[in-house]
Amino acid sequence: MANVEMLMPKMGESIIEGTILTWLKKEGDFIEQDESVLEVATDKVDTEVPATHAGILKKILVKVGEVVAVGAPIAIIESTAQASELSQNEEKTQTSPKEELLAAAPAQTTAVISSYSQGEPQSGDDRFYSPLVLSIAKEENISKSELVSISGTGKDGRVTKQDILLYLKNRKEGNIGISNPSVSGVQPVLTSPRVEMSISAQDEIIEMDRMRKMIAQRMVDSRRISAHVTSFVEADVTNIVLWRNKVKDQYKKKEGEGLTFTPFFVEAVSKAIKDFPMINISVDGEKIIKRKDINIGVAVALPSGNLIVPVVRNADQLNLIGLSKKINDIANRARLNKLSPDELSGGTFTVSNVGSFGNVMGTPIIMQPQVAILAVGAIQKKPAVVETPTGDVIAIRHKMFLSHSYDHRVVDGSLGGMFVRRVADYLEAFDLNTEL
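Residues numbered from 1 in each chain as written. Predicted model: local features only at pLDDT ≥ 70, side-chain atom pairs only at ≥ 80, totals over all residues. Heavy atoms only, no water.

K.L.:
Lay out the pattern of salt bridges in plain terms, naming residues and giving numbers.
P.N.:
It is possible for side chains bearing opposite charge to pair when their charged atoms get close. Per the counting criterion, the structure on display carries 15 salt bridges. Across the salt bridge formed by D29 and K26, the nearest N and O atoms sit 3.6 Å from each other. A relative accessible area of 55% means that K26 is categorised as exposed. The shortest N-O distance in the salt bridge between R397 and D236 comes to 2.9 Å. You can see R397 sitting in strand β19 (residues 391-407) and its partner D236 sitting in strand β9 (residues 228-236), a full 161 residues away along the chain. (Salt bridge = Lys/Arg side-chain N within 4 Å of Asp/Glu carboxyl O. Buried < 20%, exposed > 50% of the residue type's maximum accessible area, 1.4 Å probe, protein only. Helix = DSSP H or I, 4+ residues; strand = E, 2+ residues; numbered from the N terminus.)

Structure below.
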């Protein structure tokens, strides 16, 4: 028998660490290769981690709640020498040089932690510091006592990469007296705003789950960072409704799934972004990053009541059927908690269908670091004046409101208004003769 280290896997392009949520197996249990062994939480998604080898889970190296760097050992599996040899050969043939470097990184990081921790006073601080934070602290000559003074916005007050970089920025600018300054270095960040309130014996106190805490923090951060403005347009989507009603049964029989309205919205948004590319941007300090790819986030309501936003990458390169299949896939897997972290990152614009809850319009909050988000309202039948060759007539039409929230720091009212109007134009111009 051979002992094999199970390492924290790479869970996404921008993910460097994860928090152990729960172990699904205990020491001594036999596990099959690719069988789920534990659940890990990242700043994007909770995911199950499968076993890299078959064998007995001999030792668990990290406890629930600990934050572990990608590539660090998390367990030891007692595996047969043959299985171990085969797996190692597979890894050698499949691992790229970049991944090999990544796998080697934890050893270097551990050395950094060790050298940084020795001889430094703890100052009564019992917070956990990730390898990345300690590495930055060492490089920037931040003492342990100085590190203790940095307010953390992570889980249990943990100092994140953003916290320490913000601290360094403000130290350089002489704003260290400000506690948890915002991006502008002026207003304080209220990570856990509290208001005085009375609680009666009949009231129920419910603890926020991890995802709700994360959503709450990101929404507050977005309102603080971006100057939100919302423009509204009403669109006549009668052609889309009539065409969908005509083909939806045929589509379900052919594709085995339903045809929703969301693909029509995403297609129209993708076309409008090509017309107005300065909506597809991000803000980095005093620089504007103009995105080449059009990656549309689609807000999905989960059974828990929380919200998640998986991303349709290169949405402009997919036709209506391709968008429908992709959106159905990520929405279904989002509700089953089967998304990978990469599927929740890289969005450049977001669409939120508030109409699915019967709402006619809304004022959505921007998903950072994007600068705009579109809420689509419920489709309603309305009497409307329609121009015909023989004169104006009143007809029953299918109409809906589009609510476009954008960051007024970089998107002026003219651009924000023209963009949402263009989205409506594309929806209204849908061709009834479109082939399925």
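K.L.:
Which residues make up helix α8 (residues 262-275), and what values go with them?
P.N.:
Compared with an ideal rise of 1.5 Å per residue, which puts 14 residues at 20 Å, α8 spans 20 Å between its outermost C-alpha atoms and is within 8% of the ideal. Counting buried positions along α8 gives 11 out of 14 residues, so the element sits mostly inside the fold. When we look at burial in α8, the residues that qualify are T262, P263, F264, F265, V266, E267, A268, V269, S270, A272 and I273. (Expected span 1.5 Å × (residues − 1).)

K.L.:
Any chance you could break down the sheet that holds strand β5 (residues 46-50) for me, citing the residues and the numbers?
P.N.:
With respect to topology, 4 strands assemble into an open sheet ordered β5-β4-β2-β7, the strand pairing being antiparallel. Each of the sheet's edge strands pairs with one partner strand only, and the pair in question is β5 and β7 (67-69). On average, each strand axis in the sheet is tilted by 45° relative to the strand beside it, whichever way the strands run. Pairing of strand β2 (residues 17-23) with strand β4 (residues 36-41) involves 4 bridges; the strand directions are antiparallel. Bridge pairing in β4 links I20 to V40. (Pairing = 2+ DSSP bridges. Axes fitted to C-alpha atoms, helices over the stretch in contact; angles between N-to-C directions.)

K.L.:
Report on the pairing of strand β18 (residues 380-388), specifying residues and quantitative values.
P.N.:
Looking at chain direction, β18 and β19 are connected through 9 bridges and run antiparallel. The partner of V385 across the bridge, within β19, is I394. Connecting β18 to the next strand, β19, in antiparallel fashion are 2 residues.

K.L.:
Could you give an account of helix α7 (residues 238-255), with specific residues and numbers?
P.N.:
Relative to the 26 Å expected for 18 residues at 1.5 Å per residue, α7 spans 24 Å between its end C-alpha atoms, a close match to the ideal helical length. The largest bend along α7 reaches roughly 45° and is located at V247. Listing the buried residues of α7 in full gives T238, I240, V241, W243, R244, V247 and Y251. In this fold, the buried residues of α7 make contact with β9, α8, α9 (320-335), β19 and α10 (413-428). Phi turns positive one or two residues past the end of α7, at G256, with a value near 75°. (Bend = angle between axes of the 7 residues up to and from the residue. Contact = heavy atoms within 4.5 Å.)

K.L.:
Provide a residue-level description of the nonpolar core, including the pertinent values.
P.N.:
Ranked by internal contacts, the top residues of the largest apolar core, which has 56 residues, are V269, I296, F349, L402, F419 and V423. Listed in part, the 19 residues of the second largest apolar core include L38, V62, I74 and A75. (Core = buried A, V, L, I, M, F, W, Y, C linked by side-chain atoms within 4.5 Å.)

K.L.:
I'd love a proper account of the pairing of strand β10 (residues 281-284), names of residues and values included.
P.N.:
Pairing between β10 and strand β11 (residues 287-290): 4 bridges, direction antiparallel. Bridged to V283 within β11 is I288. The antiparallel pairing of β10 with β11 creates a hairpin that spans 2 residues between the two strands, and G285 there sits at a positive phi of about 65°.

K.L.:
Quick one: what's the story with the packing of α7 against α9, residue by residue and with numbers?
P.N.:
α9 packs onto α7 with a crossing angle of 65° between their chain directions and a minimal axis gap of 13 Å. Taken as a pair, α7 and α9 cross one another with a handedness that is right-handed. Counting all contacts with α7, which are made through W243, Y251 and E255, the residues of α9 involved are L320, I321, S324 and K325. (Left-handed = near helix turned anticlockwise from the far one by under 90°.)

K.L.:
Got a sec to walk through the side chain of S403? Specific residues and values, please.
P.N.:
Looking at the element boundaries, S403 is found in strand β19. Take S403: its relative accessible area is 0%, and that puts it in the buried class. A distance of 2.9 Å separates the side chain of S403 from the backbone oxygen of G362, its partner in a polar contact. Not counting the four nearest positions on each side in its chain, S403 is found in contact with T230, S231, F232, M361, G362, P364, I373, L374 and A375. (Polar contact = N/O pair within 3.5 Å; in protein donor to acceptor, adjacent residues only side chain to side chain.)

Everything listed is a geometric property; what it means functionally is a separate question.
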